[in-house]
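Examination of the molecular architecture
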Amino acid sequence: MVEIERKYDVNGPAEIAIEDFAGPDGKVTVDEPETWRLVADYVDTPALTLAAHGITLRRRGGQDAGWHLKLPVAKGAKREVHAPLGAGVHQVPARLTGLVAAHLRGRDLVPVATLTTTRTTRKLRDQEGRVLAEVSDDVVVGRRQNADRPPVSWREIEVELVEGPMDVLDAVESRLRDAGVVPSPSGSKLARVLGADLPPESEHEDGRSAGAVLIAYVRRQREHLLANDPLVRLADHDDDSVHDMRVALRRIRSLLRTYARLLDGDRIGPLDAELRWLAGELGTVRDLEVLTGRFARRLGDQPAVGPPGAAWPALLAERERKARRALKRTLRTPRYFTLLAAVDDLIADPPFHGRANRRPSALVARSWRKVLAKYAKAERLPPGAERDQALHATRKAAKRARYTAEAATGVLGKPAAKLAKHGERLQDAFGRRQDALVAQQQLTQLVTRANLSAADAFTLGLLLAEERHEAAEAYRALAPIWKKAAKPKLLRALPK
């Protein structure tokens with residue numbers, strides 16, 4: 001489940017009264033309070049690897065007993081995965097350790113803290129009795145394991161959304177602020193106990209040189225990759241986690257290729273090959289996600305097309321399930337963990353040449369000129385497969401130029417941000433056409449199946465015609481987008 005909550009600090013023994021009030025959809029009533037005592041043992045690596053990435057893994061007894069793994073998915077939201085209690089704190093369920101394997105990579109889990117919470121909870125209900133949210137008033141005592149220091153204690157309020165809209169949280173927050181409560185600066189109870197032991201978010205300071213821009217960007221993409229890894233392991237449908245993980249890999253590859261002249265090719269070449277391998281594994285699933293979703297929307301727009309129970313959608317769905325299972329096996333292999341370690345090594349010890357101290361302006365400009373040159377070449381070709389390939393190459397160049405400008409925005413400012421935005425628009429425009437071409441290929445393959453029914457063949461033929469129309473429309477829509485992106489003033493505005 002996804003847990004959406006907000007935390008607030010309470011100074012002293014002040015009474016926090018949350019009585020019946022008007023919510024966004026009418027009157028909200030408050031249940032009588034219930035009180036529990038909760039004891040939770042938290043585990044992590046000795047270096048606090050999980051906590052450094054906002055992940056908590058705990059064994060809790062009493063009410064809501066079990067093992068709880070919390071994975072950040074957005075600000076104020078965490079994916080929570082439960083497992084039954086085992087025999088002891090050291091016996092973490094294999095399912096949960098598997099979900100954080102990319103962070104652990106063979107490291108042992110040890111107890112790092114124990115938190116005892118006296119919790120008083122009140123449920124907030126709408127006029128129909130539906131539970132909108134829960135407000136928990138917690139008095140917490142936290143003890144750091146194997147550390148010679150006294151326990152810490154504090155009081156905090158947690159407001160967790162249950163079935164209500166986000167507006168409920170805003171309404172409750174308004175009441176709490178009136179009572180003198182302030183938002184908590186800590187993302188979790190565990191982080192407050194660990195305090196200074198918790199590694200900083202970044203061990204590197206961002207600089208203004210090309211080399212610093214590259215490493216800062218790769219570091220951010222590594223964090224996106226690691227954040228999506230457990231979500232990919234959990235997913236059984238398209239929840240964007242495969243797409244987001246693949247994009248992080250593509251961004252790393254794009255920057256490494258753009259910055260190739262700054263780097264030792266003997267180290268970067270093998271890394272690029274492994275990044276390409278993993279992106280391909282993710283791409284197999286992602287391509288099928290896109291196709292199944294695309295065709296489902298097409299059929300949904302035309303409910304009269306095709307009989308119920310058509311066989312070919314099930315065929316695509318089964319391909320996607322098999323590809324997803326294969327991807328999850330890939331994420332358990334030593335090859336994958338070795339790749340993650342190589343990205344870590346790149347960030348910690350980048351193999352730069354002397355020119356890495358230059359500003360990134362020239363690299364941004366060169367990547368953009370490549371887009372211009374590739375599009376000019378494509379436009380000189382007659383319609384057909386060769387021009388399709390040239391336009392696809394232009395799309396990839398636009399994507400690389402976008403990421404290059406995006407990485408340098410902090411140093412080059414608005415001119416780089418504008419290039420990145422134009423690159424994104426080009427990428428989307430070219431992508432719309434490419435997606436239609438790929439869909440045509442898949443539909444053509446399905447049509448040629450020997451055991452296809454006449455009704456299915458007819459449906460696929462209609463979809464094929466739609467995709468051809470979509471490709472043509474996408475190509476016509478390119479012209480005005482390209483005209484704006486090709487203006488010389490965009491490059492002239494870059495700082496030298």
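Notes on the structure follow. Along each chain, residues carry numbers from 1 onward, in the same order as the chain's sequence is written. Residue-level local features of this predicted model are given only where pLDDT is at least 70; pairs of side-chain atoms are given and counted only at 80 or more, and the full residue set underlies all totals for whole chains, interfaces and linings. Hydrogens are left out, water is left out, and the side-chain values use all remaining heavy atoms of the structure.

1. Some details on the pairing of strand β10 (residues 152–161)
Our working definition: Burial classes follow relative accessibility: with a 1.4 Å probe on protein chains only, a residue under 20% of its type's maximum area counts as buried, one over 50% as exposed, and anything between as partly exposed. Secondary structure elements follow DSSP: runs of H or I of four or more residues count as helices, runs of E of two or more count as strands, with numbering from the N terminus. By definition, two strands form a pair when at least two bridges between them are found by DSSP.
Where burial is concerned, most of β10 is hidden: seven out of the ten residues are buried. Examined bridge by bridge, strand β1 (residues 2–9) and β10 share five bridges and lie antiparallel to one another. Note on β10: the bridge partner recorded for glutamate 5 is glutamate 160.

2. A short note on empty space enclosed by the protein
The probe, sized like a water molecule, is rolled over the atoms to show the empty space still left. Note the following rule: For each structure, a 1 Å grid was placed over the protein atoms alone; sets of points admitting a 1.4 Å probe that cannot get out are labelled cavities, open sets with protein on both sides within 12 Å along at least five of seven lines are labelled pockets, and lining residues have an atom within 4 Å of a point. Grid points are joined across faces, edges and corners, and a volume is the space filled by probe spheres set on the points. Residues are grouped as follows: Ala, Val, Leu, Ile, Met, Phe, Trp, Tyr, Cys and Pro are nonpolar; Asp, Glu, Lys and Arg are charged; all remaining types, including Gly, are polar.
Applying the stated rule across the entire model yields two cavities of 30 Å³ or more. Taken as a whole, the largest cavity encloses approximately 40 Å³ of empty space. Asp388, Leu391, His392, Arg395, Phe430, Arg433, Gln434 and Leu437 are the residues that line the largest cavity. Looking at the lining of the largest cavity residue by residue, the class counts come to three nonpolar, two polar and three charged. Of the pockets and cavities examined, the second largest cavity occupies roughly 30 Å³. Forming the walls of the second largest cavity are Gly142, Arg144, Arg149, Pro150, Pro151, Val152 and Val193.

3. Notes on the packing of aromatic side chains
To be explicit about the condition: Geometry of aromatic contacts follows a simple scheme: Phe, Tyr and Trp rings, the Trp one being its six-membered ring, pair when their centres are within 6.5 Å, and the pair is stacked under 30 degrees between planes, edge-to-face over 60, tilted otherwise.
Here the structure, examined in full by the defined rule, presents three aromatic pairs. Relative to phenylalanine 430, the ring of tyrosine 375 lies with its centre 6.0 Å away and its plane at 65°, an arrangement referred to as edge-to-face. In this pair, tyrosine 375 is assigned in helix α11 (residues 361–379) and phenylalanine 430 in helix α13 (residues 414–447), connecting sequence segments 55 residues apart. Among the residues examined, tyrosine 375 registers a relative accessible area of 8% and is labelled buried.

4. Digging into unusual backbone geometry
Located in the positive-phi region is leucine 48, a residue other than glycine, with phi close to 60°. Looking at where leucine 48 falls in the secondary structure, it is placed in the loop between β4 (34–44) and α1 (49–52). A positive phi angle, close to 80°, is found at aspartate 240, a residue other than glycine. In this structure, aspartate 240 sits in the loop between α6 (210–234) and α7 (241–258).

5. Some points on the environment of glycine 384
Inspection of the secondary structure puts glycine 384 in the loop between α11 and α12 (385–412). Judged by its relative accessible area of 32%, glycine 384 falls in the partly exposed class. In the structure, glycine 384 is positioned 237 residues away from alanine 147 in sequence and 69 Å away in space, judged by C-alpha atoms.

6. What about the pairing of strand β6 (residues 66–74)?
Both faces of the sheet carry side chains from a regular strand, because those side chains alternate between them. In terms of strand pairing, strand β5 (residues 56–61) meets β6 through five bridges, oriented antiparallel. Within the sheet, the bridge partner assigned to arginine 58 lies in β6 and is histidine 68. Hairpin remark: β5 followed by β6, antiparallel, with four residues in the connecting loop; positive phi at glycine 62, about 80°. Bridging between β6 and strand β7 (residues 77–83) involves seven bridges; their strand directions are antiparallel. Bridge pairing links proline 72 to lysine 78 in β7. Linkage of β6 to β7, two consecutive antiparallel strands, is achieved through a turn of two residues, within which glycine 76 is found at a positive phi near 80°.

7. Comments concerning the packing of α12 against α13
Selection rule: Angles shown run from 0 to 180 degrees and are taken between the N-to-C directions of axes, each axis being a line fitted to C-alpha atoms and, for helices, limited to the stretch in contact. Angle categories: roughly parallel below 35 degrees, roughly antiparallel above 145, roughly perpendicular from 65 to 115, and oblique for all the rest. Crossings are sorted by hand: turned counterclockwise from the far helix by less than a right angle, the near helix makes the crossing left-handed, and turned clockwise it makes it right-handed.
Two numbers describe how α12 lies on α13: the axes approach to 7 Å, and their chain directions differ by 155°. Regarding the angle of α12 to α13, the classification is roughly antiparallel. Here α12 and α13 pass one another in a crossing that is left-handed. In terms of residue class, the contact of α12 with α13 is built from 14 nonpolar, seven polar and eight charged.

8. Side note on the nonpolar core
Generally speaking, a soluble globular protein has its nonpolar side chains buried in company with each other. Convention followed: In this description, a nonpolar core means a group of buried Ala, Val, Leu, Ile, Met, Phe, Trp, Tyr and Cys residues linked to one another through side-chain atoms lying within 4.5 Å.
In terms of nonpolar packing, the biggest core is built from 84 residues, with Leu256, Tyr259 and Tyr336 touching the most fellow members. Listed in part, the 18 residues of the second largest apolar core include Val10, Ile18, Val30 and Leu161.

9. So, the layout of surface pockets
By volume, the second largest pocket is sized at about 1300 Å³. Contributing to the lining of the second largest pocket are 41 residues, with Arg246, Arg250, Arg395, Lys396 and Lys399 lying nearest its centre. Elements that contribute at least two residues to the lining of the second largest pocket include exactly α7, α8 (265–301), α11, α12 and α13. Here the lining of the second largest pocket takes ten residues from α8, the largest share from any one element. Across the lining of the second largest pocket, the residue classes tally to ten nonpolar, eleven polar and 20 charged.

10. What to know about a positive patch on the surface
We apply this condition: Patch building starts from residues that exceed 30% relative accessible area and form no salt bridge, then joins like charges within 9 Å and nonpolar side chains (Val, Leu, Ile, Met, Phe, Trp, Tyr) within 5 Å. Only the protein chains shown count as cover for residues, and the accessible areas themselves come from Shrake-Rupley with a 1.4 Å probe. Salt bridge, as used here, is a side-chain nitrogen of Lys or Arg placed within 4 Å of a carboxyl oxygen of Asp or Glu. Charge counting follows a simple rule: Lys and Arg are positive, Asp and Glu are negative, and His as well as the terminal groups are ignored. By convention, the point assigned to a charge is CZ for Arg, NZ for Lys, CD for Glu and CG for Asp.
Taken together, the side chains of Arg261, Arg355, Arg358, Lys370, Lys374, Lys377, Arg380 and Lys396 present a region of like positive charge at the surface. It is α11 that contributes the most residues to the positive patch, three residues altogether. Mapped onto the fold, arginine 358 is located in the loop between α10 (334–348) and α11.

11. A word on the environment of proline 33
As a reminder, the rule being used: Pairs of residues are marked as contacts when any of their non-hydrogen atoms sit within 4.5 Å.
Here proline 33 lies in the loop between β3 (26–30) and β4. Relative accessible area serves as the criterion here: at 42%, proline 33 is assigned to the partly exposed category. The spatial distance from the C-alpha of proline 33 to the C-alpha of threonine 121 is 5.4 Å, given a sequence separation of 88 residues. In this structure, proline 33 is in contact with Thr120, Thr121 and Arg122, ignoring residues within four places of it in sequence.

12. What about the pattern of salt bridges?
As enumerated under the stated definition, the model contains 48 salt bridges in all. Of the charged contacts in the structure, one is a salt bridge between aspartate 9 and arginine 192, with a shortest N-O distance of 2.9 Å. With aspartate 9 in strand β1 and arginine 192 in helix α5 (residues 189–194), this pair connects stretches of sequence that are 183 residues apart. For aspartate 9, a relative accessible area of 14% puts it in the buried group. Notably, a salt bridge pairs arginine 251 with glutamate 406, separated by 3.4 Å at the nearest N-O pair. Of this pair, arginine 251 sits in helix α7 while glutamate 406 sits in helix α12, and the two are 155 residues apart along the sequence.

Limitation: the analysis is restricted to geometry and does not speak to function.
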